[in-house]
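Descriptive structure summary
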Amino acid sequence: MQELIQNKDTTLDYILPKNVRKLGINPNHWYVLARSNEVTNKPISITIWRQNIAIYRDNSGNIHALEDRCPHRQVKLSHGQVINDKLECAYHGWQFNSKGECAEVPYLADHQKLPSCKIRQYPIKEQDGFIWLYPGNETPKIEPMGLPEWDHLNYIATVSVINTKAHYSYLIENLMDMYHGHLHQDLQAWAEASLQNIEEDDHSVHAHYTAQSYYKIDKIWSISQLFFPALRRLHPEPLDVSYVYPHWVSSLGKDFKIYCLLCPINETETKAYLIHFTSLNAFWRLHKLPIWFRKWIKNSLFGAAQKLLDGLVIQDVKMIEEEQQAFLNNPEIKNYELNKALVSVQKLMKKQERI
Ligand code: FES
Ligand SMILES: [Fe+2]
């Protein structure tokens, strides 16, 4: 691919088809709807690709997901409450079990039977600190992507939420195009990205860049680089970014791993969780300390990169939303693209939507 990039005329403008901004999603994947700690026994409503879903915990702490619609009068079930592990509608008090069947009507007369109405129940899993939902109609044949670093004692996590009024393709393209480090100059994340090669298949696009990183986590006090820009020194590191449909994952050298877990809401709105992990793998002395102490370090440093991550999100969201607005105002205007990773990404989005 290196060869391909060098041989082709890189000044050639690749005109991207616009209809990618209208693409639907492939529902036969696990999407991330919430963080674990956002779901309690008080139901919440979350929308994934125009489907409203009520999510709640039962008394045993298990998570359930039902269509957020009372079949009696079509109001949202998430306005209600959980009573004896059933979801009770706020309006007339009908109750629904976790299979979505009507299980109780408070004013049912002696001669009346329970209505046979049923709402949709969604496959849902709680894994690695997040709630994963499968909106497809078939029984899932795949597992959620997962975040192996979430519970690993050698990784410190920071989470930032992305809420953007833009189609998910703009977010994925932003994350796959490392040439946009230009935008983040004051936040000093990475510099001098150069695309080396791309690997792609029906499910993923892996783009390998070389870059300069501002951070090196090789001393225990290196974490302070996250807070003090003066301590940062540019040095070369591989920068790998992957679109593993429908999510994104990247690594900058051995010290950082970042995930973006998506919940596309509709054609012009996307929610996502950005999870940044700083690795403590380099500190072998730390690994010999008692587990409770390592857990304490991991928990105390949770959110260490919050300022950096939130700052990056604000800058990215501004650009992404402007792109979306420009498209809505004038869908006929063509973009010019030089990064071949983005051409691959668009191909994958289209392919997945058709599956
Ligand atoms: S609308 Fe839900 S119980 Fe009547
Ligand atoms: Fe960015």
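Residues numbered from 1 in each chain as written. Chains lettered and ligands numbered in written order. Predicted model: local features only at pLDDT ≥ 70, side-chain atom pairs only at ≥ 80, totals over all residues.

A closer look at the overall build of the chain
- Helix and strand counts for the chain come out as six helices and 19 strands.
- Taking all 355 residues of the chain together, 35% fall into the buried category.
- Counted over contacts in the chain with a minimum sequence separation of 6, partners at least 24 positions apart contribute 61%. (Helix = DSSP H or I, 4+ residues; strand = E, 2+ residues; numbered from the N terminus. Buried ≥ 20, exposed ≤ 12 C-beta atoms within 10 Å, placed from the backbone. Contact = placed C-beta atoms within 7 Å.)

Some points on the sheet that holds strand β3 (residues 44–48)
- The three strands are arranged β3-β4-β5 in an open sheet whose pairing can be described as antiparallel. The outermost strands of the open sheet, each flanked by one partner alone, are β3 and β5 (63–67). On average, each strand axis in the sheet is inclined to that of its neighbour by 35°, with strand direction left out of account.
- Where strand β4 (residues 51–57) meets β5, five bridges bridge the pair, whose relative direction is antiparallel. Within β5, the position partnered with Ala 54 by the bridge is Leu 66. (Pairing = 2+ DSSP bridges. Axes fitted to C-alpha atoms, helices over the stretch in contact; angles between N-to-C directions.)

Looking at the domain arrangement of the chain
- As assigned here, the chain comprises domain 1 (34–133) and domain 2 (155–354).
- Of note, the centres of domain 1 and domain 2, computed from C-alpha atoms alone, are 34 Å apart.
- Taken together, the six residues of domain 1 in the interface contact seven residues of domain 2.
- When grouped by side-chain class, the residues that make up the side of domain 1 that touches domain 2 number three nonpolar, one polar and two charged. (Domains from an automatic or database assignment. Nonpolar A, V, L, I, M, F, W, Y, C, P; charged D, E, K, R; others polar.)

Things to note about the nonpolar core
- The biggest cluster of nonpolar side chains holds 81 residues, and the ones touching the most others in it are Val 32, Leu 33, Ile 55, Ile 131 and Leu 133.
- If you tally residues by element for this core, the top one is strand β17 (residues 256–266), at seven residues.
- When residues of this core are assigned to domains, at least three map to each of domain 1 (34–133) and domain 2 (155–354).
- Residues in contact with Ile 131, not counting those within four places in the same chain, are Val 32, Leu 33, Ala 34, Ser 36, Val 39, Ile 55, Ile 63, Ile 124 and Glu 126. (Core = buried A, V, L, I, M, F, W, Y, C linked by C-beta atoms within 7 Å.)

Let's talk about the packing of helix α2 (residues 168–176) against helix α6 (residues 340–354)
- Close contact between α2 and α6 brings their axes to 10 Å; oriented N to C, the two are set at 145°. As for the relative orientation of α2 and α6, their crossing is right-handed in sense. Here Ser 169, Ile 172, Glu 173 and Met 176 of α2 come into contact with α6, specifically with Ala 341, Leu 342, Val 345 and Met 349.
- Classifying every residue of the contact of α2 with α6 gives six nonpolar, one polar and one charged. (Left-handed = near helix turned anticlockwise from the far one by under 90°.)

So, the sheet that holds strand β2 (residues 31–35)
- What the three strands build is an open sheet, ordered β2-β11-β10; its pairing is antiparallel. With one partner strand each, in any of the chains shown, β2 and β10 (124–127) form the two edges of the open sheet. Strand-to-strand twist in this sheet, taken as the mean axis angle between neighbours without regard to direction, amounts to 30°.
- With four bridges joining them, β2 and strand β11 (residues 130–133) adopt antiparallel strand pairing. By the bridge assignment, Ala 34 is partnered in β11 with Ile 131.

Some words on α6
- The terminal C-alpha atoms of α6, which comprises 15 residues, lie 22 Å apart, in line with the 21 Å expected from a rise of 1.5 Å per residue.
- Inspection of α6 places Ala 341, Leu 342, Ser 344, Val 345, Gln 346, Leu 348 and Met 349 among the buried residues, and these make up the whole buried set. (Expected span 1.5 Å × (residues − 1).)

Remarks on the environment of Asn 62
- Topologically, Asn 62 is positioned in the loop between β4 and β5.
- In this structure Asn 62 comes out as exposed when scored by C-beta crowding, with 12 C-beta atoms within 10 Å.
- As for Asn 62 and Thr 40, which are separated by 22 residues in sequence, their C-alpha atoms are 9.6 Å apart.

Side note on unusual backbone geometry
- Residue Tyr 245 is joined to Pro 246 through a cis peptide bond whose omega torsion reads 5°.
- The phi dihedral of Arg 50 is positive, around 70°, even though this residue is not glycine.
- Position of Arg 50 relative to the elements: it lies in the loop between β3 and β4.
- Given 11 C-beta atoms within 10 Å, Arg 50 falls into the exposed group.
- Even without being glycine, Gln 74 reaches a positive phi, approximately 70°.
- Positionally, Gln 74 belongs in the loop between β5 and β6 (81–83).
- A residue is classified by how many C-beta atoms lie within 10 Å of it, and Gln 74, with 8 of them, is exposed.

Thoughts on the environment of Ile 258
- Tracing the backbone shows Ile 258 in strand β17.
- The exposure class assigned to Ile 258 is buried, which follows from the 21 C-beta atoms found within 10 Å.
- For the pair formed by Ile 258 and Leu 147, sequence separation is 111 residues and the distance between their alpha carbons is 9.9 Å.
- For Ile 258, the residues in contact, after removing those within four places along its chain, are Ser 250, Leu 274, Ile 275 and His 276.

Describing the environment of Asn 52
- Within the element layout of this structure, Asn 52 appears in strand β4.
- In this structure Asn 52 comes out as partly exposed when scored by C-beta crowding, with 14 C-beta atoms within 10 Å.
- Sequence separation between Asn 52 and Glu 323 is 271 residues; the distance between their C-alpha atoms is 27 Å.
- Each residue touching Asn 52, except ones within four places of it in the same chain, is listed here: Ser 45, Thr 47, Asp 68, Arg 69 and Lys 76.

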